[in-house]
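# Topology and contacts: notes
So the chains spell out like this:
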Amino acid sequence: MDTRNTAAAPPPATEGGDESDAVFASAAELFRLLATPMRLKIISALCGHEKNVSQLLAEIDTTQPNMSQHLAALYRAGVLAKRRDATQIYYRIASERAATLCRAVCMQIAVELDGGHEIPPAERLAPLASLKD
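Here's what I pulled together on the structure shown here. (Residues numbered from 1 in each chain as written. Predicted model: local features only at pLDDT ≥ 70, side-chain atom pairs only at ≥ 80, totals over all residues. Heavy atoms only, no water.)

## Notes on the nonpolar core
If you look at the biggest cluster of nonpolar residues, it comprises 23 residues, and the most contacted ones within it are I42, I43, L71, L74, V79 and L80. Mapped by element, the contributors of at least two residues to this core are α1 (19–34), α2 (37–46), α3 (53–59), α4 (64–76), β3 (88–93) and α5 (96–114). Of all the elements, α2 adds the most residues to this core, at five residues. Non-local contacts of I42, meaning those with residues more than four positions away in its chain, are made with I60, M67, H70, L71, L74 and L80. (Core = buried A, V, L, I, M, F, W, Y, C linked by side-chain atoms within 4.5 Å. Buried < 20%, exposed > 50% of the residue type's maximum accessible area, 1.4 Å probe, protein only. Helix = DSSP H or I, 4+ residues; strand = E, 2+ residues; numbered from the N terminus. Contact = heavy atoms within 4.5 Å.)

See below:
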């Protein structure tokens, strides 16, 4: 059983540093990890249930080496877990908090880009430039 879950808990406060520094550093690291459309697509594809690389490649247009690289990064960070079944490796969400964060941000941006709702500029997540067509 995989016990990795580093994305779910912030690191302890550093000596001489403020506890909020550790929180911000942990949040920044998570945002850095998720700051790639491919990784967001992978997390979205795995929200329903676990899948192997072939199943993910059928849903997401990329190469197998690129997919494997992104899966490895998400696994090392504790966002994904994996299990082997014969020759297949199946990936699943290990950090529900990371998946929930991705879902909330992506859904909010989708609503904003849809244009069907008037959202005050101070409440927008999507850059204003992407909302102007």
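## Points about the packing of α2 against α4
Closest axis-to-axis distance for the α2/α4 pair is 10 Å, and the angle between their directions is 75°. Comparing their axes, α4 and α2 come out roughly perpendicular. Taking contact as the criterion, the partners of M38, R39, I42 and I43 in α2 are, on α4, N66, M67, H70, L71, A73 and L74. Looking at the contact of α2 with α4, its residues break down into seven nonpolar, two polar and one charged. (Axes fitted to C-alpha atoms, helices over the stretch in contact; angles between N-to-C directions. Parallel < 35°, antiparallel > 145°, perpendicular 65-115°, else oblique. Nonpolar A, V, L, I, M, F, W, Y, C, P; charged D, E, K, R; others polar.)

## Focus: the pattern of salt bridges
For the structure shown, the criterion picks out three salt bridges. Of the charged contacts in the structure, one is a salt bridge between E50 and R83, with a shortest N-O distance of 2.5 Å. Of this pair, E50 sits in the loop between α2 and β1 (51–52) while R83 sits in strand β2 (residues 80–85), and the two are 33 residues apart along the sequence. Residue R83 is classed as partly exposed on the basis of its relative accessible area, which comes to 34%. (Salt bridge = Lys/Arg side-chain N within 4 Å of Asp/Glu carboxyl O.)

## Describing the packing of aromatic side chains
Here the structure, examined in full by the defined rule, presents zero aromatic pairs. Its guanidinium or amino end placed over the ring of Y75, K82 lies 4.3 Å from that ring's centre, counting from NZ or CZ. A cation sits over an aromatic face here: R83 above Y90, 4.7 Å from the ring centre. (Phe/Tyr/Trp six-rings, centres within 6.5 Å; stacked < 30°, edge-to-face > 60°. Lys NZ or Arg CZ within 6 Å of the ring centre and 35° of its normal.)

## Brief notes about the pairing of β2
Two faces, one strand: in a regular strand the side chains alternate between the faces of the sheet. Note that β2 and β3 share six bridges and pair antiparallel. The partner of K82 across the bridge, within β3, is Y91. Counting the residues in the hairpin turn of β2 and β3 gives two residues, including A86, whose phi is positive at 60°. (Pairing = 2+ DSSP bridges.)

## Comments concerning the state of the cysteines
For the structure shown, the criterion picks out zero disulfides. Of all cysteine sulfurs, the one in C102 lies closest to C106, which takes part in no disulfide; the gap is 6.1 Å. (Disulfide = S-S within 2.5 Å.)

## Section: the environment of D85
With respect to the element layout, D85 can be found in strand β2. Accessibility expressed as a relative area gives 40% for D85, which makes it partly exposed. For D85 and N52, which are 33 residues apart along the polypeptide, the C-alpha to C-alpha distance reads 9.7 Å.

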